[in-house]
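Reading the structure
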Amino acid sequence: MNAYHMAKTAYSGSNASTIRTPSANEYEAFADVTRKLMFAAARDPQNIPEIAHAIHDNRQLWSRLASAVVADDNALPVDLRARIFSLAEFTTQHSSKVLRGDASLTALIDINTAIMRGLRAQDGQK
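1. Looking at the layout of surface pockets
Taken as a whole, the largest pocket encloses approximately 440 Å³ of empty space. What lines the largest pocket is a set of 18 residues, among which E26, L76, I84, L119 and Q122 lie closest to the centre. Listed by contribution, the elements that provide at least two residues to the lining of the largest pocket are α3 (22-42), α4 (48-70), α5 (78-100) and α6 (106-122). A per-element tally of the lining of the largest pocket places α6 first, with five residues. Space inside the second largest pocket adds up to approximately 200 Å³. Together, 14 residues line the second largest pocket, and P45, I51, V98, A103 and S104 are the ones closest to its centre. Of all the elements in the fold, those that place two or more residues in the lining of the second largest pocket are α3, α4 and α5. In terms of residue count, α5 provides more of the lining of the second largest pocket than any other element does, three residues in total. Per-class residue counts for the lining of the second largest pocket are nine nonpolar, three polar and two charged.

What counts and how
Residues numbered from 1 in each chain as written. Predicted model: local features only at pLDDT ≥ 70, side-chain atom pairs only at ≥ 80, totals over all residues. Heavy atoms only, no water. 1 Å grid on protein atoms, 1.4 Å probe; cavity = no way out; pocket = protein on both sides within 12 Å on 5 of 7 lines; lining within 4 Å. Points joined across faces, edges and corners; volume = space filled by probe spheres on them. Helix = DSSP H or I, 4+ residues; strand = E, 2+ residues; numbered from the N terminus. Nonpolar A, V, L, I, M, F, W, Y, C, P; charged D, E, K, R; others polar.

So, in structure tokens, the structure goes:
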């Protein structure tokens, strides 16, 4: 194997993984925060720092999503944008209930999982 071939193929694996669709990137973001929520839910319910960190990450994701769907240049149908914004509002309110100890993480995990299914379907995957 010569130096030219080695240089040409050295980054081929990493290049392939960086070419992704926007919905694949969104899916990965949801998968990451949902894993954190699930891990926190499976652990000691008194582990407030872990729960708070997972909720914080989830809130940030939903906040960015809410900002994106209210942008004038967003191409999603108005009805879908409104439903996503409503889910973002619910997520914020439910997160506060979880932090007060009045609710579990289950609803947040279920919502994120449903969104992930929709993103996978959008990309034509199962």
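Having put the structure on the table, let's press on.
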